[in-house]
2 protein chains.
Amino acid sequence: MAQPTKVLVIGGGIGGFGNALALRRLGAEVELVEQAPEFGEVGAGLQMSPNATRLLREWGVLDKAIETGVAPRYIVFRDALTGEELLREDVTGEYYERYGAPYIVAHRSDLHRLLMEECQKLGVILHNDVRVAKTENVEADGRTTARATAADGRVFEADAIVAADGIKSVIRAQLSDDEPVGSEYVAYRGALPISQIKHAGDMEAVVVWMGPECHLVQYPLRQGDLFNTVAVYRSKSFAAGQLVYEGDAELREAYKDCVPEVQAALDNLSHVQRWPMFDRVPIENWVDGNVALAGDAAHPMLQYLAQGACQALEDAAALEAISAKSVFADRDNHDASQWNAVFREYNAVRQPRTARIQTTARVWGESWHLTGPVERTVRNMLWKSADRHGIWEYTDWLYGEQQYTAPVESSEDATLSSTTR
Amino acid sequence: MAQPTKVLVIGGGIGGFGNALALRRLGAEVELVEQAPEFGEVGAGLQMSPNATRLLREWGVLDKAIETGVAPRYIVFRDALTGEELLREDVTGEYYERYGAPYIVAHRSDLHRLLMEECQKLGVILHNDVRVAKTENVEADGRTTARATAADGRVFEADAIVAADGIKSVIRAQLSDDEPVGSEYVAYRGALPISQIKHAGDMEAVVVWMGPECHLVQYPLRQGDLFNTVAVYRSKSFAAGQLVYEGDAELREAYKDCVPEVQAALDNLSHVQRWPMFDRVPIENWVDGNVALAGDAAHPMLQYLAQGACQALEDAAALEAISAKSVFADRDNHDASQWNAVFREYNAVRQPRTARIQTTARVWGESWHLTGPVERTVRNMLWKSADRHGIWEYTDWLYGEQQYTAPVESSEDATLSSTTR
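Keep in mind the model is a prediction, meaning the values are calculated, not measured.

Student: Looking at this structure, how should I read the overall build of chain A?
Tutor: Helices and strands together make up the secondary structure of chain A, namely 14 helices and 18 strands. The globule rule puts the C-alpha radius of gyration for 421 residues at 22 Å, and the 22 Å found for chain A is close to it. If you line up chain A on its principal axes, its C-alpha atoms span 70 × 45 × 40 Å. Counting only residues that meet the buried cut, chain A has 55% of its 421 residues in that class. Across chain A, every contact between residues at least 6 apart in sequence was considered, and the portion connecting residues at least 24 apart equals 75%. Summing over all exposed atoms, chain A offers an accessible surface of approximately 17,300 Å²; the carbon and sulfur share of this is 49%. In chain A, 41 positive and 61 negative side-chain charges are present, and the distance between their average locations comes to 2 Å.

Student: It is not clear to me how the sheet that holds strand β10 (residues 155–158) of chain A should be interpreted in this structure. Could you clarify?
Tutor: The pairing of strands in a sheet comes from backbone hydrogen bonds and takes either a parallel or an antiparallel form. Residues and elements named next belong to chain A. One open sheet holds the three strands; their spatial order is β8-β9-β10, and the pairing between them is antiparallel. A strand with exactly one partner marks an edge of an open sheet, and here the two such strands are β8 (132–140) and β10. Pairwise comparison of adjacent strand axes, ignoring direction, gives a mean angle of 25° for this sheet. Sheet analysis places β8 next to strand β9 (residues 143–150), joined by eight bridges and oriented antiparallel. Paired with Val 138 across the strands is Thr 145, a residue of β9.

Student: For this particular structure, what's the right way to read helix α12 (residues 373–389) of chain B?
Tutor: An α-helical turn contains 3.6 residues, so a residue and the one three or four places further along point in the same direction. Across its 17 residues, α12 of chain B extends 24 Å between first and last C-alpha, which sits within 8% of the 24 Å expected from 1.5 Å per residue. Burial in α12 of chain B covers these residues: Val 374, Arg 376, Val 378, Arg 379, Asn 380, Leu 382, Trp 383, Ser 385 and Ala 386 of chain B.

Student: Would you mind showing me how to read the relation of the copies chain A and chain B here?
Tutor: Applying a rotation about an axis and a shift along it to one chain copy brings it onto the other copy. Placing chain A over chain B gives an RMSD of 0.0 Å and needs a rotation angle of 180°, together with 0.0 Å of translation along the axis. Within this description, the copies of the chain are treated as partners about a two-fold rotation axis. In terms of proximity to the rotation axis, the leading residue of chain A is Leu 382 of chain A, whose C-alpha is 2.4 Å off the axis.

Student: I would appreciate a short explanation of the nonpolar core in the present structure.
Tutor: Soluble globular proteins: nonpolar side chains tend toward being buried together. Counting 81 residues, the largest nonpolar core has Phe 77 and Trp 383 of chain A together with Phe 77 and Trp 383 of chain B as its most contacted members. In this structure, this core is formed jointly by two domains, domain 1 (1–39 + 128–180 + 280–362) and domain 2 (42–105 + 181–278 + 372–402) of chain B, each of which donates at least three residues.

Student: Help me understand the packing of helix α1 (residues 14–26) of chain A against helix α10 (residues 308–324) of chain A, please; the structure alone is not making it clear to me.
Tutor: Residue and element names in this part refer to chain A. Interhelical geometry of α1 versus α10 gives an angle of 20° and a closest axis separation of 8 Å. As far as their axial angle goes, α10 and α1 are roughly parallel. As α1 runs across α10, the sense of the crossing is right-handed. Of the residues in α10, those in contact with Ile 14, Gly 15, Gly 18, Asn 19, Ala 22, Leu 23, Arg 25 and Leu 26 of α1 are Ala 309, Ala 312, Leu 313, Asp 315, Ala 316, Leu 319, Glu 320, Ser 323 and Ala 324. Looking at side-chain class alone, the contact of α1 with α10 contains 10 nonpolar, four polar and three charged residues.

Student: Explain the UniProt feature "domain: FAD-binding" (unreviewed entry) in chain A to me, please; I cannot follow it from the model alone.
Tutor: Under the feature "domain: FAD-binding" (unreviewed entry), the UniProt entry names residues 5–320 of chain A. Spanning residues 5–320 of chain A, this segment combines 27% helix with 34% strand, and its end C-alpha atoms are found 13 Å apart.

Student: Quick question: what am I supposed to make of the packing of α1 of chain A against helix α5 (residues 108–122) of chain A here?
Tutor: To characterise two packed helices, one gives the angle between the axes of the helices and the distance between these axes. Residue and element names in this part refer to chain A. One way to put it is that α1 packs onto α5 with a least axis distance of 9 Å and a crossing angle of 30°. Looking at the two axes, α1 sits roughly parallel to α5. Judged by the twist between their axes, the crossing of α1 over α5 is left-handed. Contacts between α1 and α5 involve Ile 14, Phe 17, Ala 20, Leu 21, Arg 24 and Arg 25 from the first element and Arg 108, Leu 111, His 112, Leu 115, Met 116, Glu 118, Cys 119 and Leu 122 from the second. Its residues assigned to classes, the contact of α1 with α5 comprises nine nonpolar, one polar and four charged.

Student: Would you mind showing me how to read the interface of chain A and chain B here?
Tutor: Bring the parts together and some accessible area is lost; that lost area is often taken as the interface size. Chain A puts 16 residues into the contact, and the matching count from chain B is 16 residues. For the pairing of chain A and chain B, the buried interface totals around 1,500 Å² over both sides, and the portion due to carbon and sulfur atoms is 74%. Three residues, Val 374, Val 378 and Leu 382 of chain A, lead the burial of chain A against chain B; their summed loss comes to 33% of the area buried on that side. Taken together, the links from chain A to chain B amount to two salt bridges. Across the pair Glu 393 of chain B and Arg 388 of chain A runs a salt bridge whose closest N-O atoms are separated by 2.2 Å. Run the count over chain A and chain B and you get seven residue pairs in polar contact (both at pLDDT 80 or more). In terms of residue count, the dominant contributor to the side of chain A that touches chain B is helix α12 (residues 373–389) of chain A (10 residues). Considering only residue class, the side of chain A that touches chain B consists of seven nonpolar, four polar and five charged.

Calculation notes
- Residues numbered from 1 in each chain as written.
- Chains lettered and ligands numbered in written order.
- Predicted model: local features only at pLDDT ≥ 70, side-chain atom pairs only at ≥ 80, totals over all residues.
- Heavy atoms only, no water.
- Helix = DSSP H or I, 4+ residues; strand = E, 2+ residues; numbered from the N terminus.
- Rg over C-alpha atoms; globule rule 2.2 N^0.38 Å.
- Buried < 20%, exposed > 50% of the residue type's maximum accessible area, 1.4 Å probe, protein only.
- Contact = heavy atoms within 4.5 Å.
- Areas by Shrake-Rupley, 256 points an atom, 1.4 Å probe, with all protein chains shown as cover.
- Lys, Arg positive; Asp, Glu negative; His and termini not counted.
- Charge placed at Lys NZ, Arg CZ, Asp CG, Glu CD.
- Pairing = 2+ DSSP bridges.
- Axes fitted to C-alpha atoms, helices over the stretch in contact; angles between N-to-C directions.
- Expected span 1.5 Å × (residues − 1).
- Least-squares fit on C-alpha atoms with pLDDT ≥ 70 in both.
- Core = buried A, V, L, I, M, F, W, Y, C linked by side-chain atoms within 4.5 Å.
- Domains from an automatic or database assignment.
- Parallel < 35°, antiparallel > 145°, perpendicular 65-115°, else oblique.
- Left-handed = near helix turned anticlockwise from the far one by under 90°.
- Nonpolar A, V, L, I, M, F, W, Y, C, P; charged D, E, K, R; others polar.
- UniProt positions renumbered as here; feature names shortened; annotations may be inferred.
- Buried area = accessible area lost by both parts, 1.4 Å probe.
- Salt bridge = Lys/Arg side-chain N within 4 Å of Asp/Glu carboxyl O.
- Polar contact = N/O pair within 3.5 Å; in protein donor to acceptor, adjacent residues only side chain to side chain.

See the structure below:
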């Protein structure tokens, strides 16, 4: 039996493990390197919409994800100034049928561990304490391979490299000189035992309270044992360059006009850390030979559509679908010469979709944070209209079934141009 | 036969003639006084929604109004920056059936003349050059009557006075110390022969182009012989106190980012006069004994819902409906002692509705003029949602069948308190 193709994944976050898992399932030999001394995820809750839970199910980990999380019944939007409920999406029943999978919420660390354990179970080789400094393509013996060099000089060789090294990606910097873009918004998070929660919100819903230049999100985690709260507001102190902020006076001030329910929910936040919200402007090219960006390294987005982790998993699904028909077409005899073509098709399929999500997430978030009374009235009318008339026209493009491979024509074009290059 | 009750109407605009007509039809002896040396209306086109055309039909003048105007097929909303069509309301067919009357547009002067001629035909006595300086109630022989005194000393006696003396109403000033509120927006208008129009818009529609801090409205008049254009924008020069403005540089500047179609339409405006847009904050009380405010004197509103004239006609319909069952209950023996009760019921019925329209018109206008890209996107989504899902939820309250008299309970209360006072 021929040697399996070897893939190196850079970055041990949800995106890195998702990609490692998807390619390992096809039979690749996968190594994953992570700069941190231990694997783990910081943060609190995470939403997984059906476009992502469909993938978790395909990879055999959905049931575990639901077990560690919660499958809420509703996504609810409220006006934080009046308390008015604007929209209540039932994400069970017809929604479930339409998108073929549940909407779930989970603790980031739970989902992360679940993907990591699945990778370990399937034999992905994990390395900590590897800070990759650069990648390069190596031409030898008529074939192209890829090489990653760590800051400490260690070298990792593979047929292909997937760089899922996050929004501050070192590998992206080799392809583009763009920088993360600060939104001036910061988040405080908290995932507390339900017993410590004074004013628990709706235990069967993800509730979003939309206020002027602020919002609050609440939902249960771990089968209701934890309660998750996220407060996001425009921070003058952060905008002024104050990266660390002591105390919560600014936070309280940001929510002072909100209904008491929202103000009380600020007690459920951890004040240890605040998270500035960054994204980047979409770039066209994610690929250099046999090295490709994935996840936040490729398309970091603001969190308003809750798609950061979901899109990282879609990246993995696309690489899986595309490589399955070329690199892994013969499962006993992998064709490593196809990696560049795989990456270019992946780039072509995924870039327009993720760019749209990046752009939409910005607008979506700003629509939550509108300040003027007219603007808020118009926004509320739109949300209420969706409540009355249905949400499919707003959700189908995002949650509907995806085509992860290029249409046949483009695929042939790509092969052709690859051959003639 | 007993003497008919006598009503004095102050103001010879559309509201004044509407009220004179409605009360004259019931048999009142009606005199109407106007401060201008001649009767007439300035301005250009006027929209009459079904809530008003139903009244014109009841008063027997709808056919003439349609003859002098146009019954458009559509009301169309477009984004002035992109040209995108956001909403196309068909105001024939189902809309006509639902509201029981057509949506029409007419030249203000045509509608004004039509109401005036109908008043003259029915025997309303008209006086020009009467600038009413004050009104008062007169108690004599156990009955209350009303008296208007002109600036030149002439005195007009009547059982009741309807003061339709416009947004700068002298009579309102007797009841309230509020002032007109400037919106900082000004309008340029034009109603030109179709032969002089370079870029005529859709000849079967009222088209509204919504731009940042500006909008443009276009529709045909007089069976298509005239073409009406209104440009409304936020005027820095007006806000700065410059009441008269020479030239159109500011106007052109205000529309500079709009599609060429909109910019070209500015050629169709008359630059002789610009009209600052004022309204007032709603007040609760319109009545002093046997004197009542009506039309703009009672509830001046911004033009964005096109309800100024329509609501003046609704006032007339309410006075007609209420007085028909008391003052005119016996058509051969009018009960003039009921005028105060009539006016108080009219006030109670009409004030909440017109206050809502005044308030909504402001918000509606501001939603047309939104400047930020997110705000405009959300607004456009709302309009497009209405285009897909129907407009009834937004229009029923305004155009649907009205109850012009108070519910029986309140009506009895009113009579009771009137008797016991």
